[in-house]
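Now for the letters of each chain:
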Amino acid sequence: MQQAGATPANTAQDARGTIAQRDLVVDLIRTACVVLVVVVHVTMVGVGSGASGIRVTSPLQELPWNVGATWVGQVMPLFFVVGGFASAVGWRSTVARAGHGGDPARDFIATRLVRLFRPAVPLFVVLAVGLGIATAVGTPADLLGELAFGIGSPLWFLAAYGITQCCVPVMARLHARAPWRTLLALLLLAAAIDSVRLASGIVEVGLLNLGPVWLFAQQLGFLWVDGWFARRSRLLLLGIAGLAYALLVPLTSVGLWAPDMLQDLNPPMLPLAFLAVGQACLVQLVHAPLTRLMATRPAQAVVFLLGRDGMTIYLWHLPLFILLNGVGLLVGLPFPSPGSGVWWATRPVAVVVLLAATLGVARLVRRADRPLPRLTPGSDRPAWSMLAAGAVCTIGPAFAVMQLHLSFPLALVGAVAIPLGVWLLARTVPAEEAATPVPSAGRM
């Protein structure tokens with residue numbers, strides 16, 4: 001959608017200017033994180049068939065160095081740091097466009113939640129239909145439950161990231177006033193919540209850390225936008241990263257937190273905050289070579305191809321992986337023994353096939369990611385209650401899946417509530433907000 005008076009030539013120039021002005025390393029890291037998540041899941045799920053029937057194992061977790069690898073491969077803290085970068089850029093842009101008479105907080109939250117949950121609409125519809133059919137035909141409950149658990153495991157991100165997006169207006173103001181006190185307060189709050197959880201033995205208490213832990217990582221992204229990491233010397237950044245990882249050793253050695261960073265993910269725990277610090281510093285250390293890489297056309301092409309549909313890839317890769325394995329079993333494809341040398345040799349092929357399949361699905365469902373009708377300038381603005389209802393309808397089902405695991409009833413609730421929530425949220429965003437070009441990093 002072009003603004004009045006804009007010509008195609010001017011639009012192309014604006015697009016090139018936007019690419020030149022933003023930090024393409026952010027796009028690279030975000031895309032790399034998504035691809036790494038796909039790689040981890042492809043190597044974590046091993047499907048084999050034999051005389052005893054179908055066997056599902058986790059070859060990656062059976063390796064002796066798996067726990068140590070999670071200190072490198074657990075990229076969700078970095079994902080939230082990059083999200084903080086995109087959120088800070090988006091928030092400042094929204095404030096600038098809103099002027100003195102607008103409501104930037106409402107515009108920002110509605111816009112970000114629409115962009116986050118719109119790709120989830122077709123997924124929940126497909127899951128509801130698929131699980132409904134599987135239930136109707138009498139699929140064994142234990143098998144269906146195991147499949148649903150695997151398919152729904154990545155959906156926690158929708159709830160966690162949606163919550164952090166709702167907090168951006170407040171956290172941005174706190175960052176502007178007292179960035180270091182804000183970071184310290186979040187760190188202490190995360191530690192306090194973990195302490196209560198560990199002392200009481202009530203695991204659900206840890207869900208409160210969906211706020212402090214991920215908001216802490218997000219605030220690091222705000223520092224990134226401010227240029228704080230770029231102004232630090234390489235020696236200092238290396239020292240901070242080393243200290244962050246060094247502190248993880250005693251934290252995960254006393255029996256309170258697991259040394260496996262995947263176990264510390266849901267609910268999120270204090271070690272992930274220190275992991276976010278180390279990852280942010282290490283990214284800055286390699287920022288210059290990554291910038292040179294992103295100056296090349298092949299790198300830009302790959303990153304923009306995958307990054308444009310990053311959320312769709314993330315949401316669909318596990319359902320498609322399970323579906324592709326099921327089809328392979330039905331047609332009698334030979335499955336190497338999970339964990340064998342042949343099996344590991346086929347993992348790159350599996351990743352490429354899965355990424356191609358998710359990109360194909362992205363093309364089919366892209367209609368769901370098109371702009372929805374927005375308010376026209378001068379029309380009455382809906383109350384904050386509409387925004388709150390939209391946030392509950394979108395974040396609520398994802399939160400329920402995170403806590404109760406995916407099932408047919410929850411998929412059905414999501415298939416109804418999330419489209420309704422997206423529609424409500426879209427009705428609160430003014431037309432000029434929808435017409436503003438958004439960098440791909442801002443679409444997280």
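Criteria and thresholds
- Residues numbered from 1 in each chain as written.
- Predicted model: local features only at pLDDT ≥ 70, side-chain atom pairs only at ≥ 80, totals over all residues.
- Heavy atoms only, no water.
- Helix = DSSP H or I, 4+ residues; strand = E, 2+ residues; numbered from the N terminus.
- Buried < 20%, exposed > 50% of the residue type's maximum accessible area, 1.4 Å probe, protein only.
- Contact = heavy atoms within 4.5 Å.
- Areas by Shrake-Rupley, 256 points an atom, 1.4 Å probe, with all protein chains shown as cover.
- Lys, Arg positive; Asp, Glu negative; His and termini not counted.
- Salt bridge = Lys/Arg side-chain N within 4 Å of Asp/Glu carboxyl O.
- Core = buried A, V, L, I, M, F, W, Y, C linked by side-chain atoms within 4.5 Å.
- Patch = residues over 30% accessible without salt bridge, like charges linked within 9 Å, V, L, I, M, F, W, Y side chains within 5 Å.
- Axes fitted to C-alpha atoms, helices over the stretch in contact; angles between N-to-C directions.
- Parallel < 35°, antiparallel > 145°, perpendicular 65-115°, else oblique.
- Left-handed = near helix turned anticlockwise from the far one by under 90°.
- Nonpolar A, V, L, I, M, F, W, Y, C, P; charged D, E, K, R; others polar.
- Polar contact = N/O pair within 3.5 Å; in protein donor to acceptor, adjacent residues only side chain to side chain.
- pLDDT = per-residue confidence, 0-100.
- Arc of directions from axis to C-beta.
- 1 Å grid on protein atoms, 1.4 Å probe; cavity = no way out; pocket = protein on both sides within 12 Å on 5 of 7 lines; lining within 4 Å.
- Points joined across faces, edges and corners; volume = space filled by probe spheres on them.
- Expected span 1.5 Å × (residues − 1).
- Phe/Tyr/Trp six-rings, centres within 6.5 Å; stacked < 30°, edge-to-face > 60°.

Draft legend 1. Just the overall build of the chain, in detail. Along its length, the chain carries 22 helices and 2 strands. The proportion of buried residues among the 444 residues of the chain is 51%. Long-range contacts, defined as pairs at least 24 residues apart, comprise 83% of the intrachain contacts of the chain with a sequence gap of at least 6. For the chain, the computed accessible surface area is about 20200 Å², with 70% contributed by carbon and sulfur atoms.

Draft legend 2. Geometry of the side chain of Asp 264. You can see Asp 264 is positioned in the loop between helix 13 (234–251) and helix 14 (271–285). Despite its burial, Asp 264 remains without a salt bridge, the nearest opposite charge being carried by Arg 197 at 6.4 Å. Not counting the four nearest positions on each side in its chain, Asp 264 is found in contact with Trp 257, Ala 258, Met 269, Pro 271 and Leu 272.

Draft legend 3. The arrangement of the nonpolar core in detail. In terms of nonpolar packing, the biggest core is built from 114 residues, with Trp 156, Phe 157, Leu 158 and Trp 214 touching the most fellow members. When residues of this core are assigned to their parent elements, the largest contribution, 10 residues, is made by helix 14. Look past the residues within four positions of Phe 157 in its chain and what remains in contact with it is Met 76, Phe 79, Phe 80, Leu 116, Gly 162, Met 311 and Tyr 314. Formed by 5 residues, the second largest nonpolar core is a distinct cluster that contains Leu 24, Met 294, Ala 299 and Val 303.

Draft legend 4. A nonpolar patch on the surface, seen in detail. A cluster of nonpolar side chains, namely Leu 323, Val 327, Leu 330, Val 331 and Leu 333, defines an oily patch on the protein surface of about 530 Å² accessible area. Among the secondary structure elements, Val 327 is positioned in helix 17 (residues 310–330).

Draft legend 5. Summary view of the packing of helix 9 (residues 156–177) against helix 20 (residues 384–404). Interaxial distance between helix 9 and helix 20 falls to 7 Å at its minimum, and their mutual angle equals 135°. With respect to each other, helix 9 and helix 20 are oriented oblique. When you trace helix 9 past helix 20, the crossing you get is left-handed. Counted together, Trp 156, Leu 158, Ala 159, Gly 162, Ile 163 and Cys 166 of helix 9 and Ile 395, Ala 398, Phe 399 and Met 402 of helix 20 form the full contact between these two elements. In terms of residue class, the contact of helix 9 with helix 20 is built from 9 nonpolar, 1 polar and no charged.

Draft legend 6. Structural detail: the packing of helix 10 (residues 179–200) against helix 11 (residues 212–226). Running from N to C, helix 10 and helix 11 point in directions that differ by 160°, and their axes come no closer than 9 Å. With respect to helix 11, the element helix 10 is oriented roughly antiparallel. Considering the relative orientation of helix 10 and helix 11, their crossing is left-handed. Residue-level contacts link Trp 180, Thr 182, Leu 183, Leu 186, Leu 187, Leu 189, Ala 190 and Ile 193 of helix 10 to Pro 212, Val 213, Leu 215, Phe 216, Gln 219, Leu 220 and Leu 223 of helix 11. The residue makeup of the contact of helix 10 with helix 11, split by class, is 13 nonpolar, 2 polar and no charged.

Draft legend 7. Broad picture of the side chain of His 175. You can see His 175 is positioned in helix 9. Within the local environment of His 175, its side chain forms a polar contact with the side chain of Asp 226, the two groups lying 2.5 Å apart. Setting aside its immediate chain neighbours within four residues, His 175 contacts Thr 182, Gln 219, Phe 222, Leu 223 and Asp 226.

Draft legend 8. Region of the structure containing the confidence of the model for the chain. Here the chain averages 86 in pLDDT, while 86% of its residues score no lower than 70. Every residue in residues 1–21 scores below 50 in pLDDT, and together they form 9 contacts with partners more than four places removed in sequence or on other chains. Between residues 375–379, whose pLDDT stays under 50, and residues either more than four places distant or in other chains, the model counts 11 contacts.

Draft legend 9. Spotlight on helix 16 (residues 297–307). Within helix 16, the full set of buried residues consists of Ala 299, Gln 300, Val 303, Leu 306 and Gly 307. For helix 16, the angular spread of the buried residues around the axis is 150°, confining them to a single face. Along helix 16, exposed side chains directed more than 90 degrees from the buried face belong to Arg 297 and Pro 298. The secondary structure elements touched by the buried residues of helix 16 are helix 2 (24–44), helix 15 (287–294), helix 17 and helix 19 (347–365).

Draft legend 10. The arrangement of the environment of Leu 305 in detail. Inspection of the secondary structure puts Leu 305 in helix 16. Judged by its relative accessible area of 43%, Leu 305 is partly exposed. C-alpha of Leu 305 to C-alpha of Thr 31: the two residues are 274 residues apart in sequence and 9.4 Å apart in space.

Draft legend 11. Seen up close, empty space enclosed by the protein. Going through the model one piece at a time under the given rule, you end up with 1 cavity of 30 Å³ or more. Space inside the largest cavity adds up to approximately 50 Å³. Broken down by secondary-structure element, the contributors of at least two residues to the lining of the largest cavity are helix 5 (76–98) and helix 14. Considering every element that reaches the lining of the largest cavity, the biggest residue donor is helix 14, with 3 residues.

Draft legend 12. Up close: helix 8 (residues 141–152). Its 12 residues place the ends of helix 8 16 Å apart at the C-alpha level, agreeing with the 16 Å of an ideal helix rising 1.5 Å per residue. Residues of helix 8 that are buried: Leu 144, Ala 148, Gly 150, Ile 151 and Gly 152. Among the structural elements, helix 7 (120–136), helix 9, helix 17 and helix 20 are those in contact with the buried residues of helix 8.

Draft legend 13. A look at the packing of aromatic side chains. According to the stated counting rule, one finds 14 aromatic pairs in the structure shown. Between the aromatic rings of Phe 79 and Phe 157, the centroid separation amounts to 5.3 Å while the plane-to-plane angle is 65°, which identifies the pairing as edge-to-face. Note that Phe 79 is positioned in helix 5 and Phe 157 in helix 9, a separation of 78 residues in sequence. Phe 157 matches Phe 79 in its accessibility class, with the two residues each being buried. Ring plane angle 55° and centroid distance 5.7 Å describe the contact between Phe 80 and Tyr 161, whose orientation is recorded as tilted. Highlighted residues: Phe 80 in helix 5 and Tyr 161 in helix 9, separated in sequence by 81 residues. Judged by relative accessible area, which is 1%, Phe 80 ranks as buried.

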